[in-house]
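Residue-level structure breakdown
Here's the letter readout for the chains.
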Amino acid sequence: MPQQTYAVIGLGAIGLGMAQSLLRAGLKTVGCNRGPKPLRVFAENGGQTTHDPAEAAAAADVLFLAVVNEAQVEDVLFGQGKAARAMKAGSLVVGCVTVRPAFARDLEQRLAGLGLLYLDAPVSGGPAQSRAGKLSVMASGSPEAFARAETGLKAVAAVVHRLGDEAGKGSAMKVVNQLLAGAHIAVAAEAMALGLRMGLAAEDIYTVITSAAANSWMFETRMKHVLSGDYTPLSAVDIFVKDLGIVTETTREQALPAPLAAAALQQFVAARARGLGREADAAVIKIFPGITLPQKEE
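Residues numbered from 1 in each chain as written. Predicted model: local features only at pLDDT ≥ 70, side-chain atom pairs only at ≥ 80, totals over all residues. Heavy atoms only, no water.

**Describing the overall build of the chain**
Keep this limit in mind: Each helix corresponds to a stretch of at least 4 residues labelled H or I by DSSP, and each strand to a stretch of at least 2 residues labelled E; elements are numbered beginning at the N terminus. Here the radius of gyration uses the C-alpha set of atoms, whereas the globule reference equals 2.2 Å times the residue count to the power 0.38. Pairs of residues are marked as contacts when any of their non-hydrogen atoms sit within 4.5 Å. Areas reported here follow the Shrake-Rupley algorithm with a probe of radius 1.4 Å; residue values treat only the protein chains shown as occluding.
When its secondary structure is counted, the chain shows 13 helices and nine strands. The globule rule puts the C-alpha radius of gyration for 298 residues at 19 Å, and the 20 Å found for the chain is close to it. Principal-axis analysis of the C-alpha atoms places the extent of the chain at approximately 65 × 50 × 35 Å. Sequence separation of 24 or more characterises 66% of the internal contacts of the chain that already satisfy a separation of 6 or more. For the chain, the exposed area adds up to about 13900 Å²; of that, 54% sits on carbon and sulfur atoms.

**Observations concerning the packing of helix α9 (residues 169-197) against helix α11 (residues 217-228)**
Put simply, the test is: The axes are straight lines fitted to the C-alpha atoms, using for helices just the contacting stretch, and the angles between their N-to-C directions are given from 0 to 180°. Note on terminology: angles under 35 degrees are roughly parallel, angles over 145 are roughly antiparallel, angles of 65 to 115 are roughly perpendicular, and the others are oblique. Note: crossing handedness is left-handed where the near helix turns anticlockwise from the far helix by less than a right angle, and right-handed where it turns clockwise. By the convention adopted, Pro, Cys, Tyr, Trp, Phe, Met, Ile, Leu, Val and Ala count as nonpolar, Lys, Arg, Asp and Glu as charged, and the other residues, Gly among them, as polar.
Running from amino to carboxyl end, α9 crosses α11 at an angle of 50°, the nearest separation of the two axes being 9 Å. Here α11 runs oblique to α9, going by the angle between their axes. Like other packed secondary-structure pairs, α9 and α11 cross with a definite hand, here right-handed. Here Ala 181, His 184, Ile 185, Ala 188, Ala 189 and Met 192 of α9 lie close against α11, whose contacting residues are Met 218, Phe 219, Arg 222, Met 223 and Val 226. A breakdown of the residues in the contact of α9 with α11 according to their chemical character gives nine nonpolar, one polar and one charged.

**So, the environment of Ser 136**
Structurally, the position occupied by Ser 136 is in strand β8 (residues 135-141). The sequence separation of Ser 136 and Val 160 amounts to 24 residues, and the corresponding C-alpha distance is 6.1 Å. In contact with Ser 136, other than residues within four places in its own chain, are Pro 122, Val 123, Ser 124, Val 159 and His 161.

**Focus on the side chain of Lys 242**
Stated precisely, the cut-off is as follows: Two N or O atoms form a polar contact when they lie within 3.5 Å of each other; inside protein one atom must be a possible hydrogen donor and the other a possible acceptor, and for residues adjacent in sequence the pair counts only when both atoms belong to side chains.
When you line up the elements, Lys 242 lands in helix α12 (residues 237-253). From its side chain, Lys 242 meets the backbone oxygen of Thr 98 in a polar contact 3.3 Å long. Excluding residues within four positions of it along the chain, Lys 242 makes contact with Val 68, Asn 69 and Thr 98.

**Here's the deal with helix α1 (residues 15-24)**
The following threshold applies: For every residue, the accessible area obtained with a 1.4 Å probe (protein chains only) is divided by the maximum for its type, and the residue is called buried under 20%, exposed over 50%, and partly exposed between those limits.
Among the ten residues in α1, eight count as buried, and that is most of the element. Inspection of α1 places Gly 15, Leu 16, Gly 17, Met 18, Ala 19, Gln 20, Ser 21 and Leu 22 among the buried residues, and these make up the whole buried set. Looking at the residues trailing α1, positive phi occurs at Gly 26, about 85°.

**Digging into the pattern of salt bridges**
This is how it is decided: Any Lys or Arg side-chain nitrogen located within 4 Å of an Asp or Glu carboxyl oxygen qualifies as a salt bridge.
Inspection of the entire model under this criterion finds nine salt bridges. One salt bridge connects Glu 74 with Arg 110, and the closest N-O pair in it is separated by 2.7 Å. You can see Glu 74 sitting in helix α4 (residues 70-78) and its partner Arg 110 sitting in helix α6 (residues 101-112), a full 36 residues away along the chain. The exposure class assigned to Glu 74 is partly exposed, which follows from its relative accessible area of 28%. For Arg 110, a relative accessible area of 28% puts it in the partly exposed group.

**Considering the nonpolar core**
The condition that has to hold: Residues grouped as a nonpolar core are buried Ala, Val, Leu, Ile, Met, Phe, Trp, Tyr and Cys residues, joined through side-chain atoms within 4.5 Å.
Ranked by size, the top nonpolar core spans 39 residues in total, and within it Met 192, Met 223, Tyr 231, Phe 268 and Ile 285 carry the most contacts. Broken down by element, this core gets its largest block of residues, nine residues, from α9. Aside from chain neighbours lying at most four places away, what touches Met 192 is Ala 202, Ile 205, Tyr 206, Phe 219, Met 223, Val 226 and Ile 285. Counting 29 residues, the second largest nonpolar core, distinct from the first, contains Ala 19, Val 62, Phe 146 and Leu 153.

**Concerning unusual backbone geometry**
One non-glycine residue, Lys 82, lies in positive phi territory at about 55°. Among the structural elements, Lys 82 can be located in the loop between α4 and α5 (83-86). Positive phi values are uncommon outside glycine, yet Ala 255 reaches one of about 55°. Inspection of the secondary structure puts Ala 255 in the loop between α12 and α13 (259-273). Exposure remark for Ala 255: the relative accessible area of 69% places this residue in the exposed category.

**Quick word on the packing of aromatic side chains**
Any pair of aromatic rings gets described here by the distance separating the centres and the angle formed by the planes. Our working rule: Any pair of Phe, Tyr and Trp rings, taking the six-membered ring for Trp, is counted once the centres come within 6.5 Å. Such a pair is stacked with planes under 30 degrees apart, edge-to-face with planes over 60 apart, and tilted for the rest.
For the structure on display, the rule yields two aromatic pairs. Arranged with centres 6.1 Å apart and planes meeting at 20°, the rings of Tyr 206 and Phe 219 form a pair that is stacked. In this pair, Tyr 206 is assigned in helix α10 (residues 202-209) and Phe 219 in helix α11, connecting sequence segments 13 residues apart. When sorted by exposure, Tyr 206 lands in the same class as Phe 219, which is buried. Ring geometry for Phe 240 and Phe 268: centres 5.5 Å apart, planes at 25°, overall stacked. Here Phe 240, found in helix α12, pairs with Phe 268, found in helix α13; they are 28 residues apart in sequence, far enough to count as distant.

Structure follows, in structure tokens:
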């Protein structure tokens with residue numbers, strides 16, 4: 001069997017690392033992005049690049065989608081990007097975007113109508129894990145889709161969880177993950193704000209909590225932004241407005257009360273309303289009154 005060609009559409013904080021991991025594994029990879037900077041970085045590492053999703057899709061046997069939301073998935077595949085119709089019959093789309101489970105199921109059927117395979121494969125992990133090829137993948141899809149994706153998934157992931165034979169289960173698991181992630185960030189910010197309000201030093205709060213039973217990965221990674229005063233986005237406030245919106249929509253569909261997810265969503269909505277949507281998600285701490293946050297050193 002000839003070597004497969006891979007493409008990654010969306011070279012953001014996660015997608016660029018995925019494309020680099022594929023390339024590092026010796027796999028022919030095309031990177032596609034609207035903005036030029038990630039394309040320059042990927043080209044400097046030896047990857048092929050294009051601004052045109054259809055061009056990337058036409059070259060790809062396996063297409064990883066690492067865009068931001070459902071609207072971008074729709075536009076790339078079926079809208080202006082025209083990627084789905086550009087792909088060869090039998091090729092595979094790997095959806096790594098956080099979407100509603102119903103959207104993932106519908107996408108599998110629509111792509112099947114074009115003779116394409118689909119793997120519902122949202123990911124967890126930050127830019128560092130992505131660059132190292134150590135993402136966690138929550139995947140569901142047909143055995144054929146898993147077989148076609150195997151080599152690429154080995155390159156980008158430390159672990160691949162197989163959750164079922166049809167799309168939707170992977171996205172359902174990502175909803176569970178994002179409920180926890182969003183709530184953890186919101187409560188980490190609330191706890192740090194309380195400590196600051198009581199006169200504790202941010203460095204002391206961070207040192208004690210990261211060595212205590214109350215620590216979490218989200219506290220440890222997100223409160224580093226607070227200590228440094230640097231809110232350069234890797235995962236932005238707007239991402240959790242979107243993701244916790246999906247969580248609350250899903251819990252309504254399931255008739256399951258989720259008061260903590262709803263409260264966390266309102267914290268992120270409040271942060272966005274203050275103009276913080278494009279800052280790092282840890283900037284949710286800035287909504288709390290009466291605290292003095294560490295400032296970034298110039």
